[in-house]
Amino acid sequence: MSSLGLTAAHPTPHPTIDLSELGEPDLVAQMELARLPRHIAVIMDGNGRWARRRRLPRLAGHRAGASAVHEIVETGSRLHLKALTLFAFSTENWKRPQTEISTLMSLLREYLRKELAEIHRNNIRLQILGRYEQLPVEVRQDLDDAMRITSGNTGMVLNVALNYSARSEMVDTIQSIIARVQRGELRAEDVTERTVSENLSTGGLPDPDLLIRTSGEMRVSNFLLWQIAYADIYVTETCWPDFTRRHLLEAIIDFQKRERRYGGLGEHGA
Ligand code: IPE
Ligand code: IPE
Ligand code: MG
């Protein structure tokens, strides 16, 4: 039994879910089921602005933001995404006041306590991206338990980026590749784009097809720089605490209307 009160017994297999169970039939009808994104990444931004507009403290915005995560994870899993990656805390976020940082860490622990049983039941595998060892010990213990419990799950991978920045991830990746070369496991001339992809913390997963940023900023803020090379970017003015299943489905519908050309000429080229 873990500190989170669960065992690692494997859950019942995830049944094939009929999308009608998602609700929102008007939006579901507009989605092309054969062309769903495989991996969606989300920069969950705007908790502070959400609170300020309501004359509430920033911490209330973070609490509301944590509550918004449940519906998006559940929807991603029902859509059978291969991966959903959520940016929860960046290496730059340590610059914030200590009270805000400790609230964010407590909210993360509270999220795991409330949600882990359902995450496990839905066959979701939890992974952490980022420099994990620098997180507070009690947070790491809960995350370790949650990752161990869900490690055999075969459904959606839920990546939570914590103490994450894409540049620090790239430095760690370069170092691990150099170490493999030094041990004689790999020749320097055999290092390819694939080697890099496989040694990132998202190794083994498809790159995100769709990157969503809430609350309107047109920037990437050091998130998944390698992996989003060809991602479609969807920025919405909606602040993260207000982002619901409907907003996610709208983002997917918008993504499906775009033509992905990967540098070629696409359908209208010839
Ligand atoms: C996102 O909301 C949450 C984290 C970065 C942890 P913000 O706290 O950045 O909210 P804004 O950008 O100030 O509105
Ligand atoms: C990005 O949001 C990080 C997370 C959502 C965790 P920030 O609010 O930290 O990014 P900037 O400061 O607007 O670039
Ligand atoms: Mg922000």
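One can find the structure itself at the top, above this paragraph.
Per chain, residue numbering runs from 1 following the sequence as it is written. Each chain is given a letter, starting from A, and each ligand a number, starting from 1, according to the order in which they appear as written. In keeping with the predicted nature of the model, local features appear solely for residues at pLDDT of at least 70, side-chain atom pairs appear and are counted solely at 80 or more, and the whole-chain, interface and lining totals rest on all residues. Excluding hydrogens and water, the side-chain values take into account all heavy atoms of the structure.

Visitor: How would you summarise the site of ligand 1 if you had to cite specific residues and measurements?
Guide: Near ligand 1 the following residues occur: Met44, Asp45, Gly46, Asn47, Gly48, Arg49, Arg58, His62, Ala88, Asn93, Arg96 and Leu104. Side-chain atoms alone can form a polar contact between residues adjacent in sequence; in general such a contact is a pair of N or O atoms within 3.5 Å, and within protein one must be able to donate a hydrogen while the other accepts it. Between an oxygen atom of ligand 1 and a main-chain N or O atom of glycine 46, the distance comes to 3.3 Å. What sets the accessible areas is the Shrake-Rupley method with a 1.4 Å probe; for residues, cover comes only from the shown protein chains. Considering ligand 1 on its own, with 380 Å² of exposed area, one finds that the protein chains cover 86% of that surface. Listed by contribution, the elements that provide at least two residues to the shell around ligand 1 are α2 (47-53) and α3 (58-78). Whether a residue is near a molecule or strand is decided by its heavy atoms; if any one of them lies within 4 Å of it, the residue is near. Comment: elements are numbered from the N terminus, with helices defined as DSSP H or I runs of at least four residues and strands as E runs of at least two.

Visitor: Describe in detail the site of ligand 2, supporting the description with residues and values.
Guide: Close to ligand 2 lie Ile43, Met44, Asp45, Phe87, Ala88, Phe89, Asn93, Arg96, Arg213, Arg219 and Ser221. At a separation of 3.0 Å, an oxygen atom of ligand 2 approaches a polar side-chain atom of asparagine 93. Within the contact set of ligand 2, an oxygen atom lies 2.8 Å away from a side-chain nitrogen or oxygen of arginine 219. Out of a free accessible area of 390 Å², ligand 2 has 78% covered by protein chains. Ranked by the residues each element gives to the shell around ligand 2, the list is headed by strand β2 (residues 83-90), at three residues. Three classes are used: nonpolar for Ala, Val, Leu, Ile, Met, Phe, Trp, Tyr, Cys and Pro, charged for Asp, Glu, Lys and Arg, and polar for all others, with Gly counted as polar. When grouped by side-chain class, the residues that make up the shell around ligand 2 number five nonpolar, two polar and four charged.

Visitor: Run through the packing of α3 against helix α8 (residues 245-257), naming residues and quoting values.
Guide: Axis definition: a line fitted to C-alpha atoms, limited for helices to the stretch in contact. Angles are taken between N-to-C directions and run from 0 to 180 degrees. Two elements in contact, α3 and α8, have axes separated by 9 Å at closest approach and are oriented at 45 degrees. The angle between α3 and α8 places the two elements in the oblique class. Here α3 and α8 pass one another in a crossing that is right-handed. The segment α3 lies against α8, with Glu71, Ile72, Glu74 and Thr75 engaging Arg245, Leu248 and Leu249. For the contact of α3 with α8, the class distribution of residues is three nonpolar, one polar and three charged. Oblique is the label for every angle not falling under 35 degrees (roughly parallel), over 145 degrees (roughly antiparallel), or within 65 to 115 degrees (roughly perpendicular). Note on convention: near helix rotated counterclockwise from far helix by under a right angle means a left-handed crossing. Clockwise means right-handed. Whether two residues are in contact is decided by their heavy atoms, any of which lying within 4.5 Å being enough.

Visitor: Let's hear about the sheet that holds strand β1 (residues 39-43): which residues, and what values?
Guide: Pairing between strands is defined by DSSP: at least two bridges between them are needed. The six strands are arranged β3-β4-β2-β1-β5-β6 in an open sheet whose pairing can be described as parallel. The sheet is open, and its two borders are formed by β3 (125-129) and β6 (232-236), each paired with just one other strand. Taken pair by pair, the neighbouring strands of this sheet meet at an average axis angle of 20 degrees, ignoring direction. Across the sheet, helix α5 (residues 137-150) touches β3 and β4 (157-164), and the angle it forms with β3 is around 140 degrees.

Visitor: Any chance you could break down the side chain of aspartate 209 for me, citing the residues and the numbers?
Guide: Checked against the element boundaries, aspartate 209 lands in the loop between α7 (193-199) and β5 (210-214). Within the structure, aspartate 209 has its side chain in polar contact with the backbone nitrogen of arginine 38 (distance 2.5 Å). Leaving out residues up to four positions away in the same chain, aspartate 209 has contacts with Pro37, Arg38, His39, Ala231, Asp232, Phe255 and Arg260.

Purely spatial values, then, with no claim about function.
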